[in-house]
Amino acid sequence: MLSADTVLQMAARHGFDLAGIADLREPLPHKDYNKEWITSGQHGSMQYLARTLRERLDPGLYLKDARSAVVLGVLYRSERMDQALEEAVCKVARYAGGRDYHKILKKKAYRYLAELLPGNPTLKFRICVDTAPVAEKLLAARAGLGFQGKNTLVIHPGKGSYFFLVVILLDQQLQPTPPVADGCGQCRRCIDACPTRALKPYQLDARRCISYRTIEDRTPGEFDGSSAGWVFGCDICQEVCPYNRKPVYATHPAFQFRERLLPLMEGYLEDENVYEYTATGSALRRAGYEKLKSSVEVVRGS
Ligand code: B12
Ligand code: SF4
Ligand code: SF4
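It should be emphasised that the depicted structure is a prediction, and the values quoted were computed from it without experimental measurement.

Conventions adopted
Residues numbered from 1 in each chain as written. Chains lettered and ligands numbered in written order. Predicted model: local features only at pLDDT ≥ 70, side-chain atom pairs only at ≥ 80, totals over all residues. Near = placed C-beta within 6 Å. Nonpolar A, V, L, I, M, F, W, Y, C, P; charged D, E, K, R; others polar. Domains from an automatic or database assignment. Contact = placed C-beta atoms within 7 Å. Helix = DSSP H or I, 4+ residues; strand = E, 2+ residues; numbered from the N terminus. Expected span 1.5 Å × (residues − 1). Buried ≥ 20, exposed ≤ 12 C-beta atoms within 10 Å, placed from the backbone. Arc of directions from axis to C-beta. Core = buried A, V, L, I, M, F, W, Y, C linked by C-beta atoms within 7 Å. Pairing = 2+ DSSP bridges.

1. Concerning the site of ligand 3
- Gly149, Lys150, Asn151, Cys184, Cys187, Arg188, Arg189, Cys190, Val240, Cys241, Pro242 and Tyr243 make up every residue found near ligand 3.
- In terms of residue class, the shell around ligand 3 is made up of 7 nonpolar, 2 polar and 3 charged.
- Taken domain by domain, the makeup of the shell around ligand 3 includes at least three residues from each of domain 1 (4–77 + 99–170) and domain 2 (189–300).

Below is the structure:
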């Protein structure tokens with residue numbers, strides 16, 4: 001049998017910056033909000049969110065007999081990216097400053113599990129990094145990795161919000177870690193700073209969000225030009241958050257700034273070859289050449 005102590009100690013040894021355990025016996029909160037978010041169309045063209053709503057709201061549908069979720073966090077902010085953003089003509093969100101986190105973190109999670117499995121041969125699990133139909137933030141908040149702030153992101157009181165989440169669903173009961181109290185209080189900096197008015201407290205209309213518009217939106221001709229200098233993602237509602245004032249930087253080598261992003265951040269994306277050079281191995285690939293090019297044109301006003 002696995003113990004919570006082993007799971008958490010091993011997570012630290014494997015270089016995860018944050019780790020916690022969520023009990024899945026209680027249903028997840030905010031189900032009605034989630035449903036209403038989809039029926040009112042706030043997911044825009046992200047149809048996969050509508051298709052997988054049932055699984056998202058009930059982890060037991062994604063892993064039969066899921067009893068607990070190990071939730072892990074990996075920091076991604078880098079000092080070099082902070083500097084590059086200060087001078088950038090075309091801004092790229094910090095999470096895309098290093099290598100594509102999907103593959104890196106999945107591999108990291110498998111290596112971690114490979115150590116847990118030998119003593120637990122019957123353990124059933126599912127590793128989720130972003131793309132699986134799992135409500136990662138709700139599970140992270142339940143596991144006490146942080147609280148879900150008014151900008152809708154999970155914020156660790158000491159380490160801020162610049163971290164990725166990894167969820168491992170298990171069919172085994174583990175002692176849960178306690179949640180963290182909401183730390184937003186009367187603050188509403190993120191809501192006031194959002195240039196497209198995408199946020200209300202704890203609620204985001206993705207259709208208005210620059211991150212959605214520059215990465216996910218597949219609706220032709222929808223971009224209305226207000227991207228505040230961002231060509232891939234947007235960090236404004238994190239930059240203004242007091243919990244990110246004192247930078248806490250990534251130690252994982254994959255999330256250090258890749259200098260090859262500099263030409264793009266200076267506003268150059270001449271052709272598809274330059275795009276390939278810039279985007280290979282990076283989360284930037286998600287947008288594709290045409291979308292990135294049109295985002296650069298929006299910012300450069302051409
Ligand atoms: C779809 C998606 C997006 C969409 C929609 C974002 C969103 N807020 O929903 C878009 C493309 C806009 C997006 C943008 C970004 N994303 Co994103 N995204 C996701 C994804 C795949 C699903 C999120 C989801 O289910 N949204 C659906 C809605 C309904 O959920 P929600 O806003 O979280 O709403 C909940 C709360 O508001 C909650 N709630 C809590 N308290 C309260 C109180 C009240 C009163 C109410 C009404 C509701 C409420 O109810 C809802 C229940 O889920 C997750 C990965 C995953 N599998 O979970 C990553 C994820 C959330 N994204 C992530 C990141 C890094 C980003 C960006 C920072 C990237 C960037 N720099 O551009 C931005 C941040 C924008 C922002 N402020 O959220 C990380 C966040 C890590 C963290 N520390 O929290 C995740 C977890 C990916 C990962 N594995 O690391 N993302
Ligand atoms: S990521 Fe940017 S556009 Fe989206 S909610 Fe935050 S500040 Fe607004
Ligand atoms: S800026 Fe203020 S309101 Fe927004 S998430 Fe941070 S602490 Fe909460």
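2. Structural notes on the domain arrangement of the chain
- Domain assignment breaks the chain into domain 1 (4–77 + 99–170) and domain 2 (189–300).
- Distance from the C-alpha centre of domain 1 to the C-alpha centre of domain 2: 23 Å.
- On the domain 2 side, the residues contacting the 26 residues of domain 1 number 29 residues.
- Looking at the side of domain 1 that touches domain 2 residue by residue, the class counts come to 10 nonpolar, 11 polar and 5 charged.

3. What to know about helix 13 (residues 289–300)
- Counted at 1.5 Å a residue, the expected span for helix 13 with its 12 residues is 16 Å, and the 16 Å between its end C-alpha atoms agrees.
- Within helix 13 the residues assigned to the buried category are Leu292, Ser295 and Val298. With its buried residues spanning 115 degrees around the axis, helix 13 presents them on a single face.
- On its buried side, helix 13 packs onto helix 9 (210–216), strand 10 (230–232) and helix 12 (272–279).

4. Describing the site of ligand 2
- Around ligand 2, the surrounding shell consists of Asn151, Cys194, Thr196, Ala198, Leu199, Leu204, Cys209, Ile210, Ser211, Cys234, Ile236 and Cys237.
- Among the residues making up the shell around ligand 2, the classes are represented as 9 nonpolar, 3 polar and no charged.

5. Looking at the environment of Gln148
- By the element assignment, Gln148 lies in strand 5 (residues 147–148).
- Accessibility expressed as a C-beta count within 10 Å gives 21 for Gln148, which makes it buried.
- For the pair Gln148 and Val70, spaced 78 residues apart in sequence, the C-alpha to C-alpha distance is 17 Å.
- With residues near it in sequence (within four places) discarded, Gln148 still touches Lys137, Ala141, Val154 and Tyr202.

6. Examining helix 6 (residues 101–116)
- With 16 residues, helix 6 should reach 22 Å at 1.5 Å per residue; the first-to-last C-alpha distance of 22 Å fits that figure.
- Listed as buried for helix 6 are Tyr101, Leu105, Lys108, Ala109 and Tyr112. Buried residues of helix 6, viewed axially, fall in a sector of 100 degrees; they line one side. Of the exposed residues in helix 6, the ones pointing more than 90 degrees away from its buried face are Lys103, Arg111 and Ala114.
- The elements touched by buried residues of helix 6 are helix 1 (4–13), strand 2 (68–75), strand 4 (125–128) and strand 7 (163–170).

7. A short note on the nonpolar core
- One finds Ala69, Val71, Tyr76, Leu139, Val167 and Phe232 to be the most contacted residues of the largest nonpolar core, which totals 83 residues.
- In terms of residues, this core owes the most to one element, strand 7, which gives 8 residues.
- Domain assignment of the residues forming this core places at least three in each of domain 1 (4–77 + 99–170) and domain 2 (189–300).
- Setting aside residues up to four positions removed in sequence, Tyr76 forms contacts with Arg94, Tyr95, Gly98, Tyr101, Tyr162, Phe163, Phe164, Ala250 and Phe255.

8. As for the environment of Lys31
- Within the element layout of this structure, Lys31 appears in helix 2 (residues 31–39).
- Sequence separation of Lys31 and Leu53 is 22 residues, and the distance between their C-alpha atoms is 9.6 Å.

9. Description of the pairing of strand 2
- Counting buried positions along strand 2 gives 8 out of 8 residues, so the element sits mostly inside the fold.
- Side chains of strand 2 alternate between two faces, with Ser68, Val70, Leu72 and Val74 and Ala69, Val71, Gly73 and Leu75 buried alike.
- Here strand 1 (residues 18–23) runs beside strand 2; their pairing, made up of 6 bridges, is antiparallel. Looking at the pairing, Asp23 lines up with Ser68 of strand 2.
- The pairing of strand 2 with strand 7 spans 8 bridges and is antiparallel.

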